[in-house]
Amino acid sequence: MKINHPLYIIMLMFALGSCGSEKGERIPPNSQFDDDVAFLKKYSGVIELTDTEKRSRIAIVPALQARVMTSTAGRPENLSYGWINRSFFEAGDTSRHMNAFGGEERIWLGPEGGQFSIYFPQDSAFTFENWHTPRLIDLDAYEIVSQTAHSASFGKSAMLTNYSGTKFNIRIAREIKILGAHEAFGLLQIAPDTMLSSVAYQTINELENTGPTAWSRRTGLLSIWLLGMFNPSPGVTMVIPFVEGPAHQMGPVVNDEYFGKVPPERLKVGKGVIYFKGDGQYRSKIGLSPQRAKDIMGSYDADSGTLTIVKFSKGEPGAIYVNSKWEIQKNPYSGDVVNAYNDGPPSPGAKPMGPFYELESSSPAKELQPGESLRHVQTTFHFQGGQTALDSLASRLLGTTVAEINAAFPRSADNEL
């Protein structure tokens, strides 16, 4: 029996109630959008948006925080760009820590760690056993506020308590709209290219202080955190432009010690560009500070010929960003703006969460008065076409070429999946 009630996933997960955070499978990069949507509809309602030309499409699941699960540029093969954890849906498990359903853009909140964390109980040790993603950004359904053929709006109210005991009454508002090709190219300030197939969608995310008191740096602040999960392959390289300058003035180019230092065969720093492998075979994460981050990042999948661009609203100079490190912090507002993650086994012989790779952006944190909001806007683009056209895009937007991206990590028979 098909069930499309928006709370179906949540009810099923708690009924079965076993931990499944380590279950996962690699969905082939040539999975089709229609097939993915049909799969999702077995478990929940799906909202599909299409552009005015009725070529590109995106799929949204309101029951999972109105996350964009996947998208397609509408080429004949209808390639599906988002990573969907089919094994997790099929098993019906739920985790006490974090539920990796997948999706190429979901909303989270920061900070993750530290004395103002909303992921750890008050006064607990910063260990995996004590780490719990709030239901608001993990299992809760979001209310559908409005819907058209090209856009949909959602909302959710909740109360959160941070590690220091500060309570936050909040409301999340999330608008998702698909962009036509001319609008998408215009947003990137480049001329439309008819040789390329593309899909682009924008999310406008707001976090409102609905409580009676102002938020203070002294007792903790919140930020909007957007994460996109994509299909890994040996041919995927994440590409992160950065602001050049001396380390003694601007700090290190990249923070690559989240899960231990990333080996050089997986992370390379070029002239104004960072190259980071997205093969889903080695658990690693990097971050860029406000001094180094630009407002754009991306990836190139040589196996499918797909260039992905993620552009987001970066805070003004002097903006503060929450620190998510798992410890009591000396500076809780020294966090990163941009993060990129490559999944893989957390320890020898263990299963990865996916695997997948992830591109992430964070908003600044702000001291909000009652009724005030902070806003974070992100636009995701996928382009497919000839290498000449993709080369031009990569050069204009990321400061590198397809050939240079492919050369960062040369392919060989022994690094194939």
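Coordinates for the structure precede this section.
What comes next is a walk through the structure. (Residues numbered from 1 in each chain as written. Predicted model: local features only at pLDDT ≥ 70, side-chain atom pairs only at ≥ 80, totals over all residues. Heavy atoms only, no water.)

**Side note on the overall build of the protein chain**
- Along the backbone of the protein chain there are 7 helices and 18 strands.
- Overall, the C-alpha framework of the protein chain stretches about 60 × 55 × 45 Å when taken along its three principal axes.
- Counting the 417 residues in the protein chain, one finds 57% classified as buried.
- The contacts of the protein chain with a sequence gap of at least 6 include a subset with a gap of at least 24, amounting to 72%.
- Only carbon and sulfur atoms are counted for the fraction: they give 51% of the accessible area of the protein chain, which is about 16800 Å².
- Where the 39 positive side-chain charges of the protein chain centre and where its 44 negative ones centre are 2 Å apart. (Helix = DSSP H or I, 4+ residues; strand = E, 2+ residues; numbered from the N terminus. Buried < 20%, exposed > 50% of the residue type's maximum accessible area, 1.4 Å probe, protein only. Contact = heavy atoms within 4.5 Å. Areas by Shrake-Rupley, 256 points an atom, 1.4 Å probe, with all protein chains shown as cover. Lys, Arg positive; Asp, Glu negative; His and termini not counted. Charge placed at Lys NZ, Arg CZ, Asp CG, Glu CD.)

**Remarks on unusual backbone geometry**
- Residue Pro111 follows Gly110 across a cis peptide bond; omega there is 10°.
- Topologically, Pro111 is positioned in the loop between strand 4 (106–110) and strand 5 (143–147).
- Cis peptide bonds are those with omega within 30 degrees of zero, and the linkage from Gly354 to Pro355 qualifies with 10°.
- Along the chain, Pro355 falls in the loop between strand 16 (338–342) and strand 17 (357–362).
- Within the chain, Asn78 stands out as a residue other than glycine whose phi angle is a positive 50°.
- Topologically, Asn78 is positioned in the loop between strand 3 (67–72) and helix 3 (86–91).
- If you check the backbone angles, Asp123 has positive phi at about 65° while not being a glycine.
- By secondary structure assignment, the location of Asp123 is in the loop between strand 4 and strand 5.

**A few points about the side chain of Asp51**
- Positionally, Asp51 belongs in the loop between strand 1 (47–50) and strand 2 (57–61).
- A polar atom in the side chain of Asp51 sits 2.8 Å from the backbone nitrogen of Lys54.
- Filtering out sequence-adjacent residues up to four positions away, Asp51 remains in contact with Ser56, His150, Ile178, Leu179 and Gly180. (Polar contact = N/O pair within 3.5 Å; in protein donor to acceptor, adjacent residues only side chain to side chain.)

**Quick word on helix 6 (residues 387–398)**
- Turning to helix 6, its buried residues are Ala389, Leu390, Leu393, Ala394, Leu397 and Leu398. For helix 6, the angular spread of the buried residues around the axis is 130°, confining them to a single face. Turned more than 90 degrees from where helix 6 packs its buried face, Thr388 and Arg396 sit exposed. (Arc of directions from axis to C-beta.)

**Brief notes about the sheet that holds strand 5**
- Spatially, 5-6-7-8-18-15-14-10-12-11 is the arrangement adopted by the 10 strands of the open sheet, whose pairing is antiparallel. At either margin of the open sheet sits one strand with a lone partner, and together these are strand 5 and strand 11 (267–269). Each neighbouring strand pair of the sheet contributes to a mean axis angle of 15°, computed without reference to strand direction.
- Relative to strand 18 (residues 373–385), strand 15 (residues 306–312) runs antiparallel, the two sharing 7 bridges. Counted as the bridge partner of Val310 is Thr380 from strand 18.
- Across the face of the sheet, helix 6 comes into contact with strand 8 (196–209), strand 10 (236–241), strand 12 (273–277), strand 14 (296–301), strand 15 and strand 18 while running at roughly 25° to strand 15. (Pairing = 2+ DSSP bridges. Axes fitted to C-alpha atoms, helices over the stretch in contact; angles between N-to-C directions.)

**Comments concerning the packing of aromatic side chains**
- Applying the stated criterion across every chain, the model contains 20 aromatic pairs.
- Centre to centre, the rings of Phe168 and Trp215 are 5.1 Å apart; their planes meet at 85°, and the pair counts as edge-to-face. Note that Phe168 is positioned in strand 7 (residues 167–179) and Trp215 in the loop between strand 8 and strand 9 (223–230), a separation of 47 residues in sequence. The same class applies to Phe168 and to Trp215, which are both buried.
- Taking 5.5 Å as the distance between ring centres and 35° as the angle between the ring planes, the aromatic pair formed by Phe230 and Tyr357 counts as tilted. (Phe/Tyr/Trp six-rings, centres within 6.5 Å; stacked < 30°, edge-to-face > 60°.)

**Here's the deal with the side chain of Ser56**
- Considering the arrangement of structural elements, one finds Ser56 in the loop between strand 1 and strand 2.
- Overall, the relative accessible area of 1% leaves Ser56 in the buried class.
- A polar side-chain atom of Ser56 sits 3.1 Å from a polar atom in the side chain of Asp51.

**Quick notes on the pairing of strand 6 (residues 151–161)**
- In this sheet, strand 6 lies alongside strand 5 in antiparallel orientation, the contact comprising 4 bridges. In the strand pairing of strand 6, Glu143 is matched with Gly155.
- Linking two consecutive strands that pair antiparallel, namely strand 5 and strand 6, is a turn of 3 residues.
- Relative to strand 7, strand 6 runs antiparallel, the two sharing 11 bridges. Opposite Ser157, over in strand 7, you have Arg171 as the bridge partner.
- A loop of 5 residues connects strand 6 with strand 7, the two strands running antiparallel in sequence, and Gly165 in this loop sits at a positive phi of about 95°.

**Topic: the pattern of salt bridges**
- Counting across every chain of the model gives 18 salt bridges.
- Arg411 serves as the salt-bridge partner of Asp303, at 3.3 Å between the closest nitrogen and oxygen. Taken as a pair, Asp303 in the loop between strand 14 and strand 15 and Arg411 in the segment after helix 7 (402–408) lie far apart in primary sequence, 108 residues in all.
- The partly exposed category is assigned to Arg411, whose relative accessible area is 36%. (Salt bridge = Lys/Arg side-chain N within 4 Å of Asp/Glu carboxyl O.)

**Here we look at the nonpolar core**
- Counting 52 residues, the largest nonpolar core has Ile58, Ile60, Leu109, Ile170 and Leu207 as the members making the most contacts within it.
- Breaking this core down by element, the ones donating at least two residues are strand 1, strand 2, strand 4, strand 6, strand 7, strand 8 and strand 9.
- One finds Leu196, Leu390, Leu397 and Ile405 within the second-largest nonpolar core, a separate group that totals 26 residues. (Core = buried A, V, L, I, M, F, W, Y, C linked by side-chain atoms within 4.5 Å.)

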